[in-house]
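# Per-entry structural report
Okay, here's what each chain looks like letter by letter:
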Amino acid sequence: KLQQEKMSRTPGEVLAELQRGNARFWMNAANRPETSAFERRGLISKQFPSVAILGCSDSRVPTEIVFDQGLGDIFVVRVAGNCLDTATLASLQFAVHHLKVKVLAVLGHELCGAVKAAML
């Protein structure tokens with residue numbers, strides 16, 4: 001049932017859920033959706049993320065946490081400076097073509113060390 005619900009959401013609904021999750025995170029009201037051992041076991045053989053996010057490797061910006069999402073909810077590609085290259089593009093293409101994600105997003109953040117280093 002959860003799989004059908006996730007797959008039927010529009011891109012606008014997916015984006016709105018990310019925004020609500022981020023608001024919960026900033027207001028210290030995160031749900032931290034955790035799954036049971038049984039549900040985690042189900043994720044071994046399949047995943048149904050509705051969004052793929054290209055984010056920075058910075059340890060201060062853990063994607064699932066800042067959007068208050070659980071295991072299997074987001075397909076995350078992390079690289080310093082959230083740069084698009086052959087490997088990150090291939091990962092995002094996998095998310096679109098095989099996992100059928102509805103939204104692609106790039107997550108930037110303030111004071112990124114990789115961006116600062118690239119500007120030197």
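Structural data are supplied above this passage.
In short, a report on the structure. None of these values were measured; they are calculated from a predicted model. (Residues numbered from 1 in each chain as written. Predicted model: local features only at pLDDT ≥ 70, side-chain atom pairs only at ≥ 80, totals over all residues. Heavy atoms only, no water.)

## Details of the overall build of the protein chain
- Scanning the protein chain for helices and strands turns up six helices and three strands.
- Element order for the protein chain, N to C, with α for helix and β for strand: α-α-α-β-α-β-α-β-α.
- A compact globule built from 120 residues should have a C-alpha radius of gyration of about 14 Å, and the protein chain, at 15 Å, falls within 12% of that.
- Referenced to the eigenvectors of the C-alpha coordinate spread, the extents of the protein chain come out at roughly 50 × 35 × 30 Å.
- For the protein chain, the share of sequence-separated contacts (at least 6 apart) that also reach a separation of at least 24 residues comes to 69%. (Helix = DSSP H or I, 4+ residues; strand = E, 2+ residues; numbered from the N terminus. Rg over C-alpha atoms; globule rule 2.2 N^0.38 Å. Contact = heavy atoms within 4.5 Å.)

## Looking at helix H5 (residues 86-97)
- Over its 12 residues, H5 runs 16 Å from end to end, which matches the ideal 16 Å to within 8%, given 1.5 Å per residue.
- The inward-facing, buried residues of H5 contact strand E1 (51-55), strand E2 (74-78) and strand E3 (103-107).
- Two or three places before Ala87, at the start of H5, stands the capping residue Asp85, its side-chain oxygen 3.1 Å from that residue's backbone nitrogen. (Expected span 1.5 Å × (residues − 1). Polar contact = N/O pair within 3.5 Å; in protein donor to acceptor, adjacent residues only side chain to side chain.)

## Looking at the environment of Val76
- Tracing the sequence through the fold places Val76 in strand E2.
- When the C-alpha positions of Val76 and Cys56 are compared, they lie 9.9 Å apart, and in sequence the two are 20 residues distant.
- When neighbours within four sequence positions are excluded, Val76 is seen to be in contact with Ile53, Thr63 and Glu64.

## Overview of the pattern of salt bridges
- Within the structure shown, the criterion is met by four salt bridges.
- In this structure, the salt-bridge partner of Arg20 is Glu17, at a minimum N-O distance of 3.1 Å. Placement of both Arg20 and Glu17 in helix H2 (residues 11-26) is noted, with a separation of three residues, approximately one turn of the helix.
- In this structure Arg20 comes out as partly exposed when scored by relative accessible area, which is 46%.
- Notably, a salt bridge pairs Asp58 with Arg60, separated by 2.5 Å at the nearest N-O pair. (Salt bridge = Lys/Arg side-chain N within 4 Å of Asp/Glu carboxyl O. Buried < 20%, exposed > 50% of the residue type's maximum accessible area, 1.4 Å probe, protein only.)

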